[in-house]
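Chain by chain, the residues run as shown.
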Amino acid sequence: MGDEDAKRLVKSHGCIAIDGCPNECAKKNLELSGAKLVANFRVVDILRQNRNLKPKEITFLDRDGRELAQIVAEKVAEKVNELNCKGVVL
Amino acid sequence: MSVRSIGVVSCSGECCVEGTISRIATRFVLEKLKPDDTVTICLPLFSIGEEGERMFAKEFPTIAIDGCEKRCAQHAIEKFSAKTARSLLVSDLLKKWSVKNVGSRRKLTREGKEIASKVAKEIVAAMDDISARGGQ
């Protein structure tokens, strides 16, 4: 909510937005803050690519939810490596 | 007069375990304790200016559940909609209850889950109080 330290951080480092739904709130909040957005992921898209997974629980993830989280984490890590190779400051 | 819907706005912060407790306590209220009387407002959606969320918070009483002193949930509601009816600060509750071992941001211990459940009961008490006062 306008926290100066947080704003400084997102402006001075490359940011990756990870959104759960198509509203893309994380990405839009970063854009509104003037952040340096270098990549974004939508979990809903990754779920579509992994139709065998059917996560149901929200409060505490079930097995499929944890598996999906692992896939998302790997994709983000891959992107971080790719950006590091290109010399993008994260 | 009883109030039919009360908005519960949870911290969405990842910077501390209190944020995790805020979210889980809010889910307990939504899923188990007061499923018919509670509406949750998505804080990131609210802060990008979604009109439905902001209108709800203008017209119905809201409770902010914040993890830390930054109080992002309370500040967002009061900046864009209206004064919150109640505000709970999880870090204060943990101090008051002398809680030590709640786990990590990613995974709460059994004690952490019990504390989330205790925070959920505080939310319900605040909801009942608001309802008894006709939404104030």
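Residues numbered from 1 in each chain as written. Chains lettered and ligands numbered in written order. Predicted model: local features only at pLDDT ≥ 70, side-chain atom pairs only at ≥ 80, totals over all residues. Heavy atoms only, no water.

A. Spotlight on the overall build of chain A. When you go through chain A residue by residue, the secondary structure sums to 4 helices and 2 strands. When the helices and strands of chain A are placed in sequence order, the string is α-β-α-β-α-α. When the backbone C-alpha atoms are referred to their principal axes, chain A occupies close to 40 × 35 × 20 Å. For chain A, buried positions account for 24% of its 90 residues. For chain A, the computed accessible surface area is about 5900 Å², with 52% contributed by carbon and sulfur atoms. (Helix = DSSP H or I, 4+ residues; strand = E, 2+ residues; numbered from the N terminus. Buried < 20%, exposed > 50% of the residue type's maximum accessible area, 1.4 Å probe, protein only. Areas by Shrake-Rupley, 256 points an atom, 1.4 Å probe, with all protein chains shown as cover.)

B. Molecular detail of the sheet that holds strand S3 (residues 62–66) of chain B. Residues and elements named next belong to chain B. Taken together, the 4 strands give an open sheet; going across it, the order is S2-S1-S3-S4, and neighbouring strands pair in parallel fashion. The strands lining the two open edges of the sheet, one partner per strand, are strand S2 (38–40) and strand S4 (86–89). Put simply, the sheet's adjacent strands are angled 25 degrees from each other on average, direction ignored. Contacts from helix H4 (residues 72–80) reach strand S1 (6–10), S3 and S4, with the element oriented near 145 degrees to S3. (Pairing = 2+ DSSP bridges. Axes fitted to C-alpha atoms, helices over the stretch in contact; angles between N-to-C directions. Contact = heavy atoms within 4.5 Å.)

C. A look at the packing of helix H1 (residues 17–33) of chain B against helix H6 (residues 110–132) of chain B. All names here are of chain B. Following both chains from N to C, one finds H1 and H6 inclined at 60 degrees, their axes separated by 8 Å at the closest point. With respect to each other, H1 and H6 are oriented oblique. Crossing of H1 over H6 shows right-handed handedness. Residues Ile 21, Ile 24, Ala 25, Thr 26, Phe 28, Val 29 and Leu 33 of H1 form the contact with H6, whose own contacting residues are Lys 113, Ile 115, Ala 116, Ser 117, Val 119, Ala 120, Lys 121, Ile 123, Val 124 and Met 127. Classifying every residue of the contact of H1 with H6 gives 13 nonpolar, 2 polar and 2 charged. (Parallel < 35°, antiparallel > 145°, perpendicular 65-115°, else oblique. Left-handed = near helix turned anticlockwise from the far one by under 90°. Nonpolar A, V, L, I, M, F, W, Y, C, P; charged D, E, K, R; others polar.)

D. Expanded view of the environment of Asn 101 of chain B. Structurally, Asn 101 of chain B can be placed in the loop between helix H5 (90–96) and H6. In this structure Asn 101 of chain B touches Thr 109, Glu 111 and Gly 112 of chain B, once residues within four positions along its chain are discounted.

E. Molecular detail of the interface of chain B and chain A. Taken residue by residue, the interface counts 14 residues in chain B and 10 residues in chain A. At the junction of chain B and chain A, the tally comes to 1 salt bridge. For Lys 70 of chain B, the salt bridge goes to Asp 3 of chain A, with nearest N and O atoms at 3.5 Å. Counting every contact that joins chain B to chain A gives 3 residue pairs in polar contact (both at pLDDT 80 or more). Put simply, the parts of the chain that give the side of chain B that touches chain A at least two residues each are H1, helix H2 (43–47) and H4 of chain B. Its residues assigned to classes, the side of chain B that touches chain A comprises 8 nonpolar, 2 polar and 4 charged. (Salt bridge = Lys/Arg side-chain N within 4 Å of Asp/Glu carboxyl O. Polar contact = N/O pair within 3.5 Å; in protein donor to acceptor, adjacent residues only side chain to side chain.)

F. Unusual backbone geometry, seen in detail. In this structure, Glu 24 of chain A takes a positive phi of about 50 degrees despite not being glycine. Following the sequence through the fold, Glu 24 of chain A ends up in the loop between strand S1 (14–19) and helix H2 (25–32). We classify Glu 24 of chain A as buried; its relative accessible area is 15%. Positive phi is not limited to glycine here, since Arg 71 of chain B has a value of about 50 degrees.

G. Fine view of the pairing of S1 of chain A. Residue and element names in this part refer to chain A. Two strands pair when backbone bridges link them, and S1 and strand S2 (residues 36–42) are joined in this way by 6 bridges, in the parallel orientation. Its bridge partner being in S2, Ile 16 is matched across the sheet by Ala 39. Chirality of the crossover, the property in question, places the unit of S1, H2 and S2 among those that are right-handed. (Right-handed = clockwise from strand over helix to strand, strands pointing away.)

H. Broad picture of a positive patch on the surface. A surface patch of positive charge is lined by Arg 63 and Arg 66 of chain A together with Arg 106, Lys 107 and Lys 113 of chain B. In this structure, Arg 63 of chain A sits in helix H4 (residues 63–85). (Patch = residues over 30% accessible without salt bridge, like charges linked within 9 Å, V, L, I, M, F, W, Y side chains within 5 Å. Lys, Arg positive; Asp, Glu negative; His and termini not counted. Charge placed at Lys NZ, Arg CZ, Asp CG, Glu CD.)

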